[in-house]
Amino acid sequence: MGSLQTSRNLSCLCVSVRGGVQGLSTVVRQVGFNSWLLQGRIRSRKIQSLCVRSSFNNAGGSSSSEEKGLLLGAERDGSGSVVGFQLIPHSVTGDATIVESHDIVADDRDDLSEDAEQKEKTPTKLTFNIIFVTAEAAPYSKTGGLGDVCGSLPVALASRGHRVMVVSPRYLNGGPSDKKYANTVDLDVRATVHCFGGPQEVAYYHEYRAGVDWVFVDHPSYRRPGTPYGDIYGAFGDNQFRFTLLCHAACEAPLILPLGGFTYGEKCLFLANDWHAALVPLLLAAKYRPYGVYEDARSIVVIHNIAHQGVEPAATYHNLGLPPEWYGALEWIFPTWARAHALDTGETVNVLKGAVAIADRILTVSQGYSWEITTPEGGYGLHELLTSRKSVLNGITNGLDVSDWNPLTDEHTASHYSINDLSGKVKCKTALQKELGLPIRPDCPLIGFIGRLDYQKGVDIILSAIPELMQDDVQFVMLGSGEKQYENWMRHTENLFKDKFRGWVGFNVPVSHRITAGCDILLMPSRFEPCGLNQLYAMRYGTIPVVHSTGGLRDTVKDFNPYAQEGEGEGTGWTFSPLSKEKLLDTLKVAISTYIEHKSSWEGLMKRGMERDYSWENAAIQYEQVFEWAFIDPPYVR
């Protein structure tokens, strides 16, 4: 048989519509047809075979007018299910050349959501041994979105058939939160890792819950009062040591922990979350692979907030347990203007930079943020490196714990309600007004803010806008803690506008639920927001978000258009840009007037937000696609 020469373009793609085939997308991607299929042209059909029409030259060089096809024949397993396709050329003499006509190009970035839509209808085909490495995992430890993601996404992936381990420190602070580890069991396995100038011994504790192996690294450095990162005096001075230890221990865990009777083994997929876990891809490449270990493993670095990169003085490199020749992967030199003094050389080590350069894939927690971090404004110095790796960079929007955040069953709210019966939301509003000591006025627009009181969250913009906003007939409630100047400002403003403003200094989970359910509008003027969860909580509870158009906020909040869909409207809230007091006030006034004057439009906004799919299932499907891409190319080898 002559050789088959395939050009880049295809003249015709014939589809025989017979029988039932599931899981076509992944298989067809290997021969270049996946993006064509996912464009919706044959999405609702069942495929038996694909035929590429071609012209053939016979042995004498004359051209044959006969057109024959190249079939992708289905391979079936013992049950009759299709498990793959084979390229089956017709038996011909001479060379076959496929005629050029239409480009068919696959784009990883665009395929993510479409692949998710395809896979929702089919079970998971490929399963992975997945290792999450993280500084936080709810409900055991949490200071923000990182804990939410690493507490919920592993459960969603495990429910889809993957074997999942989460490795996190065992924080003990001598308080009530220690009870969260009450069900963990000492595995009686000790590992000795070499970093910071000598051997360090760690222990492993384990709890099997919700289909996930929750593994906790135990070491004296994790037993102290405060948060995972610091206390009332600031960040812990030994955080580099504490999280270097976590990364070394996490790399050992799949090899030595007999969970469920056997180890995870070497063919693992590591998800290194933020800078605390960013040493993992470097350890795989520098410490293990040169000696034949983890040759089939892959790593993905997940960036939740690129503002934190694990930057330390260059002299600390020898503490990390990496070979000397790998220093260049982590080397980071600050520009002259950013140096402390004239003798400062600006030389540092940056573990997140090293992970971005070495990891097999890079993920962020929203599509918008994956673009923002490639810009000088959003990349915090890593934008050029990230731009160079754009082909392996994707963003996937976070999901929600829909059992915890459910207005129909929420144990923290005064009344329950649903998209079919919104009457309970008014009861939640009046109960919140009563709890806060505000006048009980069901028809008065109630605006809420929940979040850290710092520069990132745009609290200074709220501060500048409040005097003018308080001239309108509205009520405003803020919940959060952070910089002392903003905490004091909240207390002062409450005294100035006793019937309109309430500030709750601190963070209280039940109160955050009641504010989300009781408010009409949630304000989020964040300067940057990798994903954001509060706007998702708000929409699920029928509370309308007004947000700065950035990162995940721009991705998840669709601007209200009252004239779309033959006057029925579309959208779930309002976004505004640029971030300024004037633009914030203008957008809020539009939202307030819609609430007061257009009740039917407001109800449409509420229902469109509530009917969205917020579960982690959709995100998990998209993560699976990235997992498959990670294994297409070989891992980094130096």
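Residues numbered from 1 in each chain as written. Predicted model: local features only at pLDDT ≥ 70, side-chain atom pairs only at ≥ 80, totals over all residues. Heavy atoms only, no water.

The name recorded for the protein in an unreviewed UniProt entry is Soluble starch synthase 1, chloroplastic/amyloplastic isoform X2, from Nicotiana tabacum.

## Points about the overall build of the protein
For clarity, the cut-off: The numbering of helices and of strands both runs from the N terminus, where a helix is a DSSP run of H or I of at least 4 residues and a strand a run of E of at least 2. For every residue, the accessible area obtained with a 1.4 Å probe (protein chains only) is divided by the maximum for its type, and the residue is called buried under 20%, exposed over 50%, and partly exposed between those limits. By definition, residues are in contact when any of their heavy atoms lie within 4.5 Å. Working definition of accessibility: Shrake-Rupley area with a 1.4 Å probe, residue cover restricted to the visible protein chains.
Scanning the protein from N- to C-terminus turns up 20 helices and 26 strands. Among the 638 residues that make up the protein, the fraction classed as buried is 55%. For the protein, the proportion of contacts with a sequence separation of at least 24, taken over those separated by at least 6, is 71%. Accessible surface, the protein as shown: approximately 27600 Å² in total, 51% of it carbon and sulfur.

## Regarding the environment of Leu382
Secondary-structure assignment places Leu382 in the loop between α9 (367–372) and α10 (383–388). In contact with Leu382, not counting residues within four places along its chain, are Ile306, Gln309, Trp332, Asn350, Leu352 and Lys353.

## Quick notes on the packing of helix α6 (residues 279–288) against helix α8 (residues 351–358)
Stated formally: Here an axis means a line fitted to C-alpha atoms, over the contact stretch when the element is a helix, while the angle between two N-to-C directions is reported on a 0 to 180 degree scale. For this classification, under 35 degrees means roughly parallel, over 145 means roughly antiparallel, 65 to 115 means roughly perpendicular, and everything else is oblique. We call a crossing left-handed when the near helix sits turned anticlockwise from the far one by less than a right angle, and right-handed when that turn is clockwise. Residues are grouped as follows: nonpolar covers Ala, Val, Leu, Ile, Met, Phe, Trp, Tyr, Cys and Pro; charged covers Asp, Glu, Lys and Arg; every other residue, Gly included, is treated as polar.
Between α6 and α8, the shortest axis-to-axis distance is 7 Å and the interhelical angle comes to 60°. Considering the angle they form, α6 stands oblique to α8. Considering only the axes of α6 and α8, their crossing is left-handed. Where α6 approaches α8, its residues Leu279, Pro281, Leu282 and Ala285 are matched on the opposing element by Val351, Gly354, Ala355 and Ile358. Its residues placed into classes, the contact of α6 with α8 shows 7 nonpolar, 1 polar and no charged.

## Concerning helix α5 (residues 239–256)
Rule in force here: Given a helix with a known number of residues, its expected span is that number minus one, times 1.5 Å.
Across its 18 residues, α5 extends 25 Å between first and last C-alpha, which sits within 8% of the 26 Å expected from 1.5 Å per residue. Of all the 18 residues making up α5, 16 are buried; the element is thus mostly covered by neighbouring parts of the structure.

## So, the sheet that holds strand β22 (residues 475–480)
We apply this condition: When DSSP finds two or more bridges between a pair of strands, those strands are recorded as paired.
Spatially, the 6 strands line up as an open sheet ordered β23-β22-β21-β24-β25-β26, and their pairing is parallel. At either end of the open sheet lies a strand with only one pairing partner, and these are β23 (501–505) and β26 (574–576). Sheet twist, expressed as the average angle between the axes of neighbouring strands with direction ignored, equals 20°. Across the sheet, helix α19 (residues 599–610) is in contact with β24 (521–524), β25 (544–548) and β26; its angle to β25 comes to roughly 80°.

## Details of the pattern of salt bridges
What counts is decided by this rule: The term salt bridge refers to a pairing of a side-chain nitrogen on Lys or Arg with a carboxyl oxygen on Asp or Glu at a separation within 4 Å.
Summed over the entire model, instances satisfying the criterion amount to 18 salt bridges. Two residues, Arg554 and Glu372, come together in a salt bridge whose shortest N-O distance is 3.4 Å. In this pair, Arg554 sits in helix α16 (residues 551–556) while Glu372 sits in helix α9, placing the two residues 182 residues apart along the sequence. When the shortest N-O distance is used, the salt bridge between Lys589 and Glu468 registers 3.4 Å. Of this pair, Lys589 sits in helix α18 (residues 581–597) while Glu468 sits in helix α12 (residues 459–469), placing them 121 residues apart in sequence. Taking relative accessible area as the criterion, Lys589 reaches 34% and is therefore assigned partly exposed.

## Digging into the side chain of Glu372
Since its relative accessible area comes to 10%, Glu372 is described here as buried. Filtering out sequence-adjacent residues up to four positions away, Glu372 remains in contact with Gly378, Gly379, Thr550, Gly551 and Arg554.

## Digging into the packing of aromatic side chains
This is how the line gets drawn: Working definition: rings of Phe, Tyr and Trp (its six-membered ring) pair if their centres are within 6.5 Å, and the pair is stacked with planes under 30 degrees apart, edge-to-face with planes over 60 apart, and tilted otherwise. The rule is short: NZ of Lys or CZ of Arg within 6 Å of the ring centre and within 35 degrees of the ring normal puts a charge over the ring.
Throughout the structure, instances matching the rule amount to 23 aromatic pairs. The side chain of Arg224 reaches across the aromatic face of Phe236, ending 4.7 Å from its centre. The aromatic ring of Phe243 is capped on one face by Arg242, whose charged end is 5.6 Å from the ring centroid.

## With respect to the sheet that holds strand β16 (residues 311–313)
Strand order across the open sheet formed by 3 strands is β16-β18-β17, with antiparallel pairing between neighbours. The open sheet has two edge strands, β16 and β17 (331–333), and neither has a second partner. The sheet shows a mean angle of 45° between the axes of neighbouring strands, direction not considered. Examined bridge by bridge, β16 and strand β18 (residues 347–350) share 3 bridges and lie antiparallel to one another. Looking at the pairing, Pro313 lines up with Thr348 of β18.

## Some thoughts on the pairing of strand β21 (residues 446–450)
When a strand is regular, its side chains alternate between the sheet's two faces. Just so we agree on the cut-off: A clockwise path from the first strand over the helix to the second, with the strands pointing away from the viewer, defines a right-handed crossover.
For β21, a buried count of 5 out of 5 residues is recorded, marking the element as mostly surrounded by other parts of the structure. Of the two faces of β21, both are covered, the one formed by Leu446, Gly448 and Ile450 as well as the one formed by Ile447 and Phe449. Of the crossover connections in this fold, the one passing from β21 over α12 to the parallel β22 is right-handed.

## Brief notes about unusual backbone geometry
Trans peptide bonds make up most of the peptide bonds, and negative phi angles are found at most residues other than glycine. Going from Ala138 to Pro139, the amide bond is cis rather than trans, its omega being 5°. Within the fold, Pro139 resides in the loop between β7 (129–133) and α4 (145–159). Here Ser577 and Pro578 are connected by a cis peptide whose omega angle stands at 5°. Its place among the elements puts Pro578 in the loop between β26 and α18. Residues other than glycine seldom take positive phi values, yet Asp274 does so here, at roughly 60°. With respect to the secondary-structure elements, Asp274 resides in the loop between β14 (269–273) and α6. Of the residues examined, Asp274 reaches a relative accessible area of 7% and is grouped as buried. Positioned with a positive phi, Tyr380 is a non-glycine residue whose angle comes to about 50°. Structurally, Tyr380 can be placed in the loop between α9 and α10. Take Tyr380: its relative accessible area is 39%, and that puts it in the partly exposed class.

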